[in-house]
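Secondary and tertiary structure notes
Okay, here's what each chain looks like letter by letter:
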Amino acid sequence: MAEFQEKMRQQLESSMHKELERLLSTGNGEEAKVSQKDFDGFKKLFHRFLQVKGPSVDWAKINRPPEDSIQPYEKIRVKGQSDGVSVGVALSKLVVVKLNGGLGTSMGCKGPKSLISVRNENTFLDLTVQQIEHLNKTYNANVPLVLMNSFNTDEDTQKILQKYTHHRVKIHTFNQSRYPRINKESLLPVATNLGLTGENAESWYPPGHGDIYASFYNSGLLDQLIAEGKEYIFVSNIDNLGATVDLHILSHLMSQPSDKRCEFVMEVTDKTRADVKGGTLIQYEGKLRLLEIAQVPKAHVDEFKSVTKFKIFNTNNLWISLPAIKRLQEKNSMDMEIIVNPKTLDGGLNVIQLETAVGAAIKSFDNALGINVPRSRFLPVKTTSDLLLVMSNLYSLEAGSLTMSEKREFPTTPHVKLGSSFTKVQDFLRRFESIPDMLELDHLTVSGDVTFGKQVAVKGTVIIIANHGDRIDIPAGAMLENKIVSGNLRILDH
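Throughout what follows, the structure given in this document is the object of discussion.

Basis of the calculations
- Residues numbered from 1 in each chain as written.
- Predicted model: local features only at pLDDT ≥ 70, side-chain atom pairs only at ≥ 80, totals over all residues.
- Heavy atoms only, no water.
- Pairing = 2+ DSSP bridges.
- Helix = DSSP H or I, 4+ residues; strand = E, 2+ residues; numbered from the N terminus.
- Buried < 20%, exposed > 50% of the residue type's maximum accessible area, 1.4 Å probe, protein only.
- Arc of directions from axis to C-beta.
- Contact = heavy atoms within 4.5 Å.
- Polar contact = N/O pair within 3.5 Å; in protein donor to acceptor, adjacent residues only side chain to side chain.
- 1 Å grid on protein atoms, 1.4 Å probe; cavity = no way out; pocket = protein on both sides within 12 Å on 5 of 7 lines; lining within 4 Å.
- Points joined across faces, edges and corners; volume = space filled by probe spheres on them.
- Nonpolar A, V, L, I, M, F, W, Y, C, P; charged D, E, K, R; others polar.
- Axes fitted to C-alpha atoms, helices over the stretch in contact; angles between N-to-C directions.
- Core = buried A, V, L, I, M, F, W, Y, C linked by side-chain atoms within 4.5 Å.
- Phe/Tyr/Trp six-rings, centres within 6.5 Å; stacked < 30°, edge-to-face > 60°.
- Right-handed = clockwise from strand over helix to strand, strands pointing away.
- Patch = residues over 30% accessible without salt bridge, like charges linked within 9 Å, V, L, I, M, F, W, Y side chains within 5 Å.
- Areas by Shrake-Rupley, 256 points an atom, 1.4 Å probe, with all protein chains shown as cover.
- Salt bridge = Lys/Arg side-chain N within 4 Å of Asp/Glu carboxyl O.

1. Comments concerning the sheet that holds strand β13 (residues 280–284)
Within the open sheet, the 3 strands sit side by side as β1-β13-β14. Their pairing is antiparallel. The open sheet terminates on both sides in strands that have one partner only, identified here as β1 (62–63) and β14 (287–291). Pairing between β1 and β13: 2 bridges, direction antiparallel. By the bridge assignment, Asn-63 is partnered in β13 with Gln-283.

Laid out in structure tokens, this is it:
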């Protein structure tokens, strides 16, 4: 039986290699050269995909991380202040990397997500540039910004970068790989050629942010930055507005003896009920390891989601040693679990895409560490519900950074759930004449055809439900505190 399976695997791999060669032959010189590099990475991933059977973790081997492997932020903060590494020196070794491969499609926008306006006409990219420019001016530093684009976002991003030429931030970009989507039945690429248009438009995908290591290395930019004396990258999602450069974490990294250098820091934060699906850190076979929900055997999913057993989750704010990335790439020993992501194309064809996650490589690095940071360092904008929070008076904006308003009495973020009428940014903006006062809000649920007039205030728990066919207009100046509003409420001009 095992012999038969091995033979099948070899046949599938051989067929895949032939198909990839055929695809390469359809491209021009430069395009085929880039694709050749991408396909080399894809072949390795596909080979491992064929080898792997069942969940990648043995549940019985999972242990809680040792006490000292996840440090409280407060301890790092106090230690960082006494370590005596000058901020200027520490910043001279740092590069900020933002993951910029995603489109704004889930929020009804065309083009890169980083170009959506989030606050006072500022986009995610504007805020990032402002933050780093402020850092560079304040400490007379030269921290560069690196954007990892995908083939989906590169062209639009390059156009917009012109506007930052006079800012005090050097911006570099590199592209993550482009991998072929695989037909779920035949396990062969669905693409007919290397093109990105027409029927081929849906044939390709960027393979998740775990691709950062290979594509950063292949681009030549990794070597260039090391040659400039850079030692660490701070990596985060461009839509996480809490992911600013933290000088305490940076000085903690820089103050360690060179033979005990921590090569990888993952910022984690305490789970709430909203975060039960987030990846968590475990001790596994003597190494710190990221455990994602996709790797959990079905019988243990509820246990994984429990806030009592797994108390923290990964924010995807990561501090990683540049020389360590180079070493692991050259030894081909970067080990990340494969995420098999099923998709259905517009025509109904079922495909799979093989991906990896940047944090999964934690087990490949020496002296890896988790730091349990305040929740304020995790402020992602994935939906218009998140957008409402960051646009509101809950946050004040200074030098590109959002901080919770001092006027809010408790530091927790309110829970906001907006219905499908608000999903697209365009519709969302149309439904608010101005963003409500949310300083004293705990929970807001809005469903159905609802609009908000100017200067509305919501406090405590507010639930507004317009049933199908009904419409609710919240009048200008209204103050809703611990209210349920349902039915039909039209405010007529008279």
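2. Focus: helix α11 (residues 322–330)
Within α11, burial applies to Leu-322, Ala-324, Ile-325 and Leu-328. Looking down the long axis of α11, one finds its buried residues gathered within 160 degrees of arc, a one-sided arrangement. Of the surrounding secondary structure, the elements contacted by the buried residues of α11 are β3 (94–100), α7 (212–218), α8 (221–227), β11 (232–237) and β15 (312–321). The N-capping residue of α11, defined by a side-chain oxygen 3.1 Å from the backbone nitrogen of Ala-324, is Ser-321.

3. Focus: the layout of surface pockets
What the second largest pocket holds in volume is close to 560 Å³. Surrounding the second largest pocket, 23 residues form its lining, Gly-41, Lys-44, Ala-214, Gln-329 and Asn-332 being those nearest its centre. Going through the elements one at a time, α2 (29–51) and α7 are the ones with two or more residues in the lining of the second largest pocket. Among the elements that line the lining of the second largest pocket, the one with the most residues is α2, at 8 residues. Classifying every residue of the lining of the second largest pocket by side-chain character gives 8 nonpolar, 9 polar and 6 charged.

4. Examining the sheet that holds β15
One open sheet holds the 8 strands; their spatial order is β2-β18-β12-β15-β11-β3-β6-β7, and the pairing between them is mixed. In this open sheet, the two strands that pair with only one neighbour each are β2 (70–72) and β7 (171–175). Sheet twist, expressed as the mean angle between neighbouring strand axes with direction ignored, is 25 degrees. Pairing between strand β6 (residues 145–149) and β7: 5 bridges, direction parallel. What sits directly across from Met-148, in β7, is Phe-174.

5. A word on unusual backbone geometry
We note that Leu-187 has phi near 55 degrees; this positive angle belongs to a residue other than glycine. Tracing the chain through its elements places Leu-187 in the loop between β9 (182–183) and β10 (204–205).

6. Thoughts on the nonpolar core
Among the nonpolar cores identified, the biggest contains 70 residues, and Leu-94, Trp-319, Val-450, Phe-452, Ile-464 and Ile-474 are the most heavily contacted of them. A total of 6 residues in this core trace back to one element, the largest contributor, which is helix α5 (residues 124–138). The residues touching Leu-94, leaving out its near neighbours within four places in the chain, are Val-143, Pro-144, Lys-230, Tyr-232, Ile-233, Phe-234, Val-245, Leu-250 and Trp-319. Counting 36 residues, the second largest nonpolar core, distinct from the first, contains Met-266, Ile-312, Leu-328 and Ala-361.

7. Here we look at the packing of aromatic side chains
Summed over the entire model, instances satisfying the criterion amount to 15 aromatic pairs. Aromatic pair Phe-304 and Phe-310: ring centres 5.8 Å apart, planes at 45 degrees, arrangement tilted. Here Phe-310 falls in the buried class, since its relative accessible area comes to 5%. Centre to centre, the rings of Phe-432 and Phe-452 are 4.7 Å apart; their planes meet at 20 degrees, and the pair counts as stacked.

8. Considerations on the pairing of strand β21 (residues 415–418)
Residues of β21 alternate between two faces, with Val-416 and Leu-418 buried on one and His-415 and Lys-417 left unburied on the opposite face. Strand direction decides the pairing type here: β21 and strand β22 (residues 441–447), joined by 4 bridges, are parallel. Residue pairing for β22: Val-416 is matched across the bridge by Leu-444. In this fold, β21 hands off to helix α13 (residues 425–431), which returns the chain to β22; that crossover is left-handed.

9. Let's talk about a nonpolar patch on the surface
A surface patch of nonpolar side chains, about 380 Å² in accessible area, is lined by Met-1, Phe-4 and Met-8. Note on placement: Phe-4 falls in helix α1 (residues 2–24). Exposure remark for Phe-4: the relative accessible area of 53% places this residue in the exposed category.

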